Amino acid sequence: MKKGNLRSSALLLLTACIWGVAFVAQSVGMEYVGPFTFNFVRSILGGLVLIPCIFFLKREKKAKAEKVSEEEKKAQRKTLLAGGICCGVALCLASNFQQIGIQYTTVGKAGFITACYIVIVPVIGLFMKKKCSPMIWLSVLLAVVGLYLLCINEQFSIGYGDILVFVCAILFSVHILIVDYFSPKVDGVKMSCIQFLVCGLLSGMAEQPQLSAVLLAWKPIAYAGIMSCGVGYTLQIVGQKGMDPTIASLILSLESCISVLAGWLLLGQTLSMREGLGCVAMFAAIILAQLPAKES
């Protein structure tokens, strides 16, 4: 492996670790504050952390910006604002469904169910007239089996938290498609900063944050906001430069496995044999969904 690729892989693996452990922070944070308050403070922190990154990256793009006309700059600003708002609304819905759901399920299960978005995205793409390869359909089948083993108990009932986290996975899929539409047209870091701020402000409207409770939960909130949102996103941007997107996605998908390990090591949460098999099936589905289709 080339030195540059090894560095990129290490950065992406670190990102997956940060995101996987964030599920623990989200679970612990619920002992002190409500889900909307948690996401309000977390998202605002994430947006603020990205502001220095914008100014740092601005230097590299200054030369290119000089060649763009004023009309084009104005159009780009409008697109950036529209993209940031649309992404922020989708992120607000997805993150709050996840935050509420994580109160009623384990960290590991939440991590794997959330990772379903990798399989759901290409399925949603069917409604946008995008073809799915046979490998995608196999991954969907494995994901269904995995979800059944993870979520459906012996009484053939599904947990309330699992339902909410699955809705969150669908909403994250919508969020990814919105990002996919806007990201080629605008600066990704700026759009991410706007989306975090929009998500935070909308979340703050749903609950009345109590400063005393926020101060008690400062450690998990700071980790989720600064590390998961700010640092994690920045590492992903740097790590994916020049990296094969399929390999990058595979490394980042390890987030779901790390969430299980983090839940076990930090919270003492364990999975049954049945749930463990569900995780294996889910991870296989995630891997298959990222494999490139053969060209016909």
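Please read these numbers as outputs of a predicted model, since none were measured by experiment.

Colleague: What's the story with the overall build of the protein in this structure? I'm lost.
Modeller: If you tally the helices and strands in the protein, you get 13 helices and zero strands. The buried share of the protein, taken over its 296 residues, is 46%. Within the protein, residue pairs in contact and separated by at least 24 positions form 90% of the contacts whose partners lie at least 6 positions apart. Roughly 15600 Å² of accessible area belongs to the protein as shown, and the carbon and sulfur atoms make up 69% of that amount.

Colleague: I keep staring at the environment of Leu91 and nothing clicks. Help me out?
Modeller: The residue Leu91 is located in helix H3 (residues 70–101) in this model. Residues Leu91 and Val198, spaced 107 residues apart in sequence, show a C-alpha to C-alpha distance of 8.9 Å. Excluding residues that lie within four positions of it along the chain, Leu91 makes contacts with Phe172, His175, Gln195, Phe196 and Cys199.

Colleague: Explain the pattern of salt bridges here, please?
Modeller: Side-chain pairs of opposite charge can arise whenever the charged atoms involved come near each other. Per the counting criterion, the structure on display carries two salt bridges. A salt bridge links Lys109 to Asp162, with the shortest nitrogen-to-oxygen separation between them at 3.3 Å. Of this pair, Lys109 sits in helix H4 (residues 107–114) while Asp162 is found in helix H7 (residues 160–182), placing the two residues 53 residues apart along the sequence. Judged on exposure class, the residue Lys109 and its partner Asp162 are both buried. One continuous salt-bridge network, built from bridges that share partners, spans Lys109, Asp162 and Glu275.

Colleague: Sorry if this is basic, but what is going on with the side chain of Arg42 here?
Modeller: Relative to the elements of secondary structure, Arg42 occurs in helix H2 (residues 35–65). Notably, Arg42 is buried but unbridged: the nearest opposite-charge side chain belongs to Glu255, and the N-O separation is 7.8 Å. Of the polar contacts made by the side chain of Arg42, one reaches the side chain of Ser228; its length is 3.3 Å. Not counting the four nearest positions on each side in its chain, Arg42 is found in contact with Gln26, Gln99, Ile221, Ala224, Gly225, Ser228 and Cys229.

Colleague: Can you help me understand H7 in this one?
Modeller: Each full turn of the α-helix corresponds to 3.6 residues, which orients residues three or four apart in the same direction. If you check H7, its first and last C-alpha atoms are 33 Å apart, about what 23 residues at 1.5 Å a residue would give, namely 33 Å. Looking only at H7, the buried set comprises Gly161, Asp162, Leu164, Val165, Cys168, Ala169, Leu171, Phe172, Ser173, His175, Leu177 and Phe182. Residues of H7 that are buried sit in contact with H3, H4, helix H5 (117–125), helix H6 (134–151) and helix H8 (188–206).

Colleague: Sorry, what's going on with the environment of Gly276 here?
Modeller: Mapped onto the fold, Gly276 is located in helix H13 (residues 273–290). Here Gly276 falls in the partly exposed class, since its relative accessible area comes to 25%. For the pair Gly276 and Gly146, spaced 130 residues apart in sequence, the C-alpha separation works out to 9.2 Å.

Colleague: What exactly am I supposed to notice about the environment of Phe182 here?
Modeller: Topologically, Phe182 is positioned in helix H7. Of the residues examined, Phe182 reaches a relative accessible area of 11% and is grouped as buried. Residues Phe182 and Cys87 lie 95 residues apart in sequence; the distance between their C-alpha atoms is 9.0 Å. In this view, Phe182 contacts Thr79, Ala82, Gly83, Cys86 and Met191; residues no more than four positions away in its chain are not counted.

Colleague: Got a minute to help me understand the nonpolar core in this structure?
Modeller: Burial of nonpolar side chains together is a common tendency in soluble globular proteins. Within the largest apolar cluster, 35 residues are counted, with the highest numbers of intra-cluster contacts made by Val33, Leu150, Ile221 and Met282. Tallying contributions element by element places H6 first for this core, with six residues. Setting aside residues up to four positions removed in sequence, Val33 forms contacts with Phe38, Ala213, Val214, Ala217 and Ile221. Cys53, Cys168, Val189 and Cys193 belong to the second-largest nonpolar core, a separate cluster that totals 15 residues.

Colleague: Looking at this structure, how should I read the confidence of the model for the protein?
Modeller: Parts of the model with low pLDDT should not have their predicted coordinates read in detail. Model confidence for the protein is summarised by a mean pLDDT of 83, while 88% of its residues fall at 70 or above. Within the protein, the element-level pLDDT minimum falls on helix H11 (residues 245–252), averaging 70, and the maximum on H8, averaging 91.

Colleague: I tried to follow the packing of H3 against H7 on my own but got confused; where do I start?
Modeller: Describing two packed helices takes the angle between their axes plus the distance from one axis to the other. It is at 7 Å that the axes of H3 and H7 come closest, and there the two elements cross at 165 degrees. For the element pair H3 / H7, the angle class is roughly antiparallel. Where H3 crosses over H7, the handedness of that crossing is left-handed. Residues belonging to the contact of H3 with H7 are distributed by class as follows: 18 nonpolar, seven polar and no charged.

Colleague: For this particular structure, what's the right way to read the packing of aromatic side chains?
Modeller: Two aromatic rings are characterised by how far apart their centres lie and by the angle between their planes. This structure, assessed with the given rule, holds two aromatic pairs. Between Tyr181 and Phe182 the ring centres are 4.9 Å apart and the planes differ by 90 degrees, which places this aromatic pair in the edge-to-face class.

Colleague: Help me understand the packing of H4 against H7, please; the structure alone is not making it clear to me.
Modeller: In the contact formed by H4 and H7, the axes pass within 8 Å of each other and the chain directions differ by 35 degrees. For H4 against H7, the interelement crossing comes out right-handed. Residues Lys109, Ala110, Ile113 and Thr114 of H4 lie in contact with H7, whose contacting residues are Asp162, Val165, Phe166, Cys168, Ala169 and Phe172. Its residues placed into classes, the contact of H4 with H7 shows seven nonpolar, one polar and two charged.

Analysis parameters
Residues numbered from 1 in each chain as written. Predicted model: local features only at pLDDT ≥ 70, side-chain atom pairs only at ≥ 80, totals over all residues. Heavy atoms only, no water. Helix = DSSP H or I, 4+ residues; strand = E, 2+ residues; numbered from the N terminus. Buried < 20%, exposed > 50% of the residue type's maximum accessible area, 1.4 Å probe, protein only. Contact = heavy atoms within 4.5 Å. Areas by Shrake-Rupley, 256 points an atom, 1.4 Å probe, with all protein chains shown as cover. Salt bridge = Lys/Arg side-chain N within 4 Å of Asp/Glu carboxyl O. Lys, Arg positive; Asp, Glu negative; His and termini not counted. Polar contact = N/O pair within 3.5 Å; in protein donor to acceptor, adjacent residues only side chain to side chain. Expected span 1.5 Å × (residues − 1). Core = buried A, V, L, I, M, F, W, Y, C linked by side-chain atoms within 4.5 Å. pLDDT = per-residue confidence, 0-100. Axes fitted to C-alpha atoms, helices over the stretch in contact; angles between N-to-C directions. Parallel < 35°, antiparallel > 145°, perpendicular 65-115°, else oblique. Left-handed = near helix turned anticlockwise from the far one by under 90°. Nonpolar A, V, L, I, M, F, W, Y, C, P; charged D, E, K, R; others polar. Phe/Tyr/Trp six-rings, centres within 6.5 Å; stacked < 30°, edge-to-face > 60°.

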